[in-house]
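These are the residues of each chain, in order.
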Amino acid sequence: AFGRLTTFRIYHEYYEPALEEILIPENISNLDSLTSLILEQNPKLSGSIPEGIGNLTILTVLSLQDNNLTGELPDSIGNLINLSTLKLRNNQLSGEIPESICNLTTMDWSSSSSFNIENNYLCPPFPECMSDDIDYYGEQCGRFVNDDIPPEACDCVLTGCTDIDACNLTSLCS
């Protein structure tokens, strides 16, 4: 029955006092009929985006914004070739965006209603397919300024970033 589910949405602060956190299960990949996965504004939704998300190959909408997701974007995100909406803003995602994301050829990188990664700890420079559409000094860049910087963001900056001036990184972790 769940295998035929096309839209899965948990929106706006699912609240269960006994639960400390909610994770996206690896077996989310079993929902291979999903076209929309929308998990928004759930402060207890934490952990990383599972690698299995890349098995949802007919997904057109993936919105995981306004949660507490951490870790790096899985490389398998590039398998979502039908994706036209990717919203990841307002999480704690870190590291570099995988080059495989450029496989999302239907994505309008310049439209914040289609693609939004603002307020994360994602490390510039970004993949070539989106680099012309990301304003390193604007909202999409992240929360590197005036915020508590997690250690993994400092590691990213020190090892993964080549543009030290992007996002005012010059004072980061010093």
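Note: the structure precedes this text.
Residues numbered from 1 in each chain as written. Predicted model: local features only at pLDDT ≥ 70, side-chain atom pairs only at ≥ 80, totals over all residues. Heavy atoms only, no water.

(A) The overall build of the chain, seen in detail. On a plain count of helices and strands, the chain comes out with 2 helices and 9 strands. Classification of the 174 residues of the chain by burial places 47% in the buried group. A total accessible area of about 8700 Å² is found for the chain, and carbon and sulfur atoms account for 46% of it. (Helix = DSSP H or I, 4+ residues; strand = E, 2+ residues; numbered from the N terminus. Buried < 20%, exposed > 50% of the residue type's maximum accessible area, 1.4 Å probe, protein only. Areas by Shrake-Rupley, 256 points an atom, 1.4 Å probe, with all protein chains shown as cover.)

(B) Here's a closer look at the state of the cysteines. Applying the stated criterion across every chain, the model contains 1 disulfide. A sulfur-sulfur separation of 2.2 Å characterises the disulfide bridge that pairs C102 with C129. Torsion about the S-S bond of the C102 and C129 cystine: about -80°, corresponding to left-handed handedness. A residue pair is termed long-range when its members are at least 10 positions apart, and C102 in the loop between strand 7 (92–96) and strand 8 (115–116) and C129 in helix 1 (residues 128–131) qualify at 27 residues. Looking at C102, the relative accessible area reads 24%, which means it is partly exposed. (Disulfide = S-S within 2.5 Å.)

(C) Quick peek at the pairing of strand 2 (residues 36–40). Within strand 2, 5 of the 5 residues are buried, leaving the element largely enclosed by the surrounding structure. Side chains S36, I38 and E40 project from strand 2 onto one buried face, and the interleaved L37 and L39 project onto a second face that is buried too. Note: strand 1 (residues 7–11) against strand 2, 5 bridges, orientation parallel. Counterpart to Y11 in the pairing with strand 2 is E40. (Pairing = 2+ DSSP bridges.)

(D) A look at the packing of aromatic side chains. Inspection of the entire model under this criterion finds 1 aromatic pair. Here W109 and F115 contribute two aromatic rings whose centre-to-centre distance is 4.8 Å and whose plane-to-plane angle is 85°, an arrangement assigned as edge-to-face. The class for W109 is buried, based on a relative accessible area of 8%. (Phe/Tyr/Trp six-rings, centres within 6.5 Å; stacked < 30°, edge-to-face > 60°.)

(E) Geometry of the sheet that holds strand 4 (residues 61–63). As summarised here, the arrangement of the 5 strands in space is 1-2-4-6-8, forming an open sheet in which the pairing is parallel. What marks the edges here is a single partner per strand, and that holds for strand 1 and strand 8. In the sheet, strand 2 pairs with strand 4 via 3 bridges, with the strands oriented parallel. Directly across from I38, in strand 4, lies its bridge partner S63.

(F) Region of the structure containing a negative patch on the surface. Together, E72, E96, E99, D108, E128, D132 and D133 make up a negatively charged patch on the protein surface. Following the sequence through the fold, E96 ends up in strand 7. For E96, a relative accessible area of 39% corresponds to the partly exposed category. (Patch = residues over 30% accessible without salt bridge, like charges linked within 9 Å, V, L, I, M, F, W, Y side chains within 5 Å. Salt bridge = Lys/Arg side-chain N within 4 Å of Asp/Glu carboxyl O. Lys, Arg positive; Asp, Glu negative; His and termini not counted. Charge placed at Lys NZ, Arg CZ, Asp CG, Glu CD.)

(G) Molecular detail of the side chain of E40. If you trace the backbone, E40 turns up in strand 2. R9 is the oppositely charged side chain nearest to the buried, salt-bridge-free E40, at an N-O distance of 4.7 Å. Within the structure, the side chain of E40 is placed 2.4 Å from the side chain of S63, a separation counted as a polar contact. At 3.3 Å, the side chain of E40 forms a polar contact with the side chain of Q65. (Polar contact = N/O pair within 3.5 Å; in protein donor to acceptor, adjacent residues only side chain to side chain.)

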